[in-house]
Amino acid sequence: MLYVADIACMMLPFKSLPAIVFGVYGQLSGGGEINLAAYVAVSVYKIILLMLGKSVLWFAVAASLDHIVLAVFLLAAYFRNGGARFSWSLSKARELLASSGSFILAGMMISIYACTDRLMLKQMLGAEAVGHYSLAVTISGSWAFVLAAMIDSLYPEIVRCHREDRLLYQRKNRQLYALVLYTALAVSVCICLAARPFILLIYGEAYLPAVQPLRIVTWYTAFSYLGVARNAWIVCENQQRYLKYLYVGAAACNVALNLLLIPIWGASGAAAASLITQVATTTLLPALIRPLRPNTKLMLD
């Protein structure tokens, strides 16, 4: 397990490179295509590992390769398009660290409530329920790199429009939300229809109890990535200080819903708790915070 953790930690320095490249050189041509190509390359590698029956250490390497390959592709495109050399500034590093405090706290809250459902499932129902739920979550999020590529492609354009054209900026945000939402909903419908035959074919009858949690938690992806897409607006409007309130509220909501729903529905209850929490975090809680209401309106338009 320690070896797996060590290998997975290799990705951390590379995970930030896409944000750096897009942030410093927002007009990078073909950023979304590069994102997609990197994910496809690593996905093929993972399929080969699965076919060869490799150990978990190989998949830990694959998890690191996700970000390493993407970083290499983006850096190559960045310098090919005339990107400036990177430089280090201690004062800028301090400034960025200070301004990112809300994102750091929000990330901690997300990590906490992302683990809460599994922890509570194990305490209430045992390891078997955790296995079924974890499988459902893994399958439902296996295609989300497509949404990440869409968001990364439009992020620089939204930032540019914020500086130059307010109406176009609002339109680009609405377009991004619509693209993420409708794509995720369409895929979720397909997952719901194919859940049982897919799990039966790939994992066997022993994992059929994961079907119902999968049909519930798959809808989580749409609202989760609406929250990711919202970050462009949050940064442009300098409203990141409110993120901590959103995600502290989300963590509390998630614990309460798990306590209520797991005893009734088991793993499906945990899936429902995650879905309701994400819907609340994306649409309901921001509507209660005055500075974030314009973004909620953009999502609902």
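Heads up: these notes are all about the structure in this document.

Notes on the overall build of the protein chain
Helix and strand content of the protein chain: 15 helices and 0 strands. Taking all 301 residues of the protein chain together, the buried fraction comes to 41%. Once local pairs closer than 6 in sequence are excluded, the contacts in the protein chain between residues at least 24 apart make up 74%. Here the protein chain displays about 16100 Å² of accessible surface, and carbon together with sulfur accounts for 68% of that area.

Section: the nonpolar core
Core analysis: the largest hydrophobic core is formed by 55 residues, its most contacted members being Leu121, Tyr177, Val180, Leu214, Trp233 and Leu292. The element that contributes the greatest number of residues to this core is helix α10 (residues 166-202), accounting for 8 residues.

Let's talk about the pattern of salt bridges
Evaluation of the coordinates by the stated rule reveals 4 salt bridges. Between Asp117 and Arg118 there is a salt bridge; the shortest N-O distance is 3.8 Å. Residue Arg118 is classed as partly exposed on the basis of its relative accessible area of 28%. Residue Glu157 is joined to Arg160 by a salt bridge in which the shortest nitrogen-to-oxygen separation is 2.4 Å. Of this pair, Glu157 and Arg160 are both found in helix α9 (residues 145-164), 3 residues apart, which corresponds to roughly one turn of the helix. Here Glu157 falls in the partly exposed class, since its relative accessible area comes to 22%.

Things to note about helix α14 (residues 267-287)
Look at α14: 30 Å from first C-alpha to last across 21 residues, which is about the 30 Å you get at 1.5 Å a residue. Taking burial as the measure, the 21 residues of α14 include 16 buried ones, the bulk of the element.

Looking at the environment of Tyr155
By the secondary structure assignment, Tyr155 is in helix α9. With relative accessibility at 27%, the residue Tyr155 sits in the partly exposed group. Considered as a pair, Tyr155 and Trp233 are 78 residues apart in the sequence and their alpha carbons are 9.2 Å apart.

Overview of helix α8 (residues 127-140)
A rise of 1.5 Å per residue sets the reference length of α8, with its 14 residues, at 20 Å; its end C-alpha atoms lie 20 Å apart and thus fit the reference within 8%. Residues of α8 that are buried: Ala129, Val130, His132, Tyr133, Leu135, Ala136, Ile139 and Ser140.

Observations concerning the side chain of Thr282
Mapped onto the fold, Thr282 is located in helix α14. Side-chain polar atoms of Thr282 contact the backbone oxygen of Phe223, separated by 2.9 Å. Polar contacts involving the side chain of Thr282 include one to the main-chain carbonyl oxygen of Gln278, which spans 2.9 Å.

With respect to the packing of aromatic side chains
Under the criterion given, the structure shown has 3 aromatic pairs. Summarising the aromatic geometry, the rings of Tyr242 and Tyr245 are spaced 6.4 Å apart at their centres and angled 45 degrees between planes, so their arrangement reads as tilted. Through a chain of ring-to-ring contacts, three or more aromatic side chains come together here, namely Phe198, Tyr203 and Tyr207.

Structural notes on the state of the cysteines
The final tally for this structure, using the stated rule, is 0 disulfides. Of all cysteine sulfurs, the one in Cys161 lies closest to Cys236, which takes part in no disulfide; the gap is 9.4 Å. With a relative accessible area of 15%, Cys236 lands in the buried category.

Cut-offs used in this document
Residues numbered from 1 in each chain as written. Predicted model: local features only at pLDDT ≥ 70, side-chain atom pairs only at ≥ 80, totals over all residues. Heavy atoms only, no water. Helix = DSSP H or I, 4+ residues; strand = E, 2+ residues; numbered from the N terminus. Buried < 20%, exposed > 50% of the residue type's maximum accessible area, 1.4 Å probe, protein only. Contact = heavy atoms within 4.5 Å. Areas by Shrake-Rupley, 256 points an atom, 1.4 Å probe, with all protein chains shown as cover. Core = buried A, V, L, I, M, F, W, Y, C linked by side-chain atoms within 4.5 Å. Salt bridge = Lys/Arg side-chain N within 4 Å of Asp/Glu carboxyl O. Expected span 1.5 Å × (residues − 1). Polar contact = N/O pair within 3.5 Å; in protein donor to acceptor, adjacent residues only side chain to side chain. Phe/Tyr/Trp six-rings, centres within 6.5 Å; stacked < 30°, edge-to-face > 60°. Disulfide = S-S within 2.5 Å.

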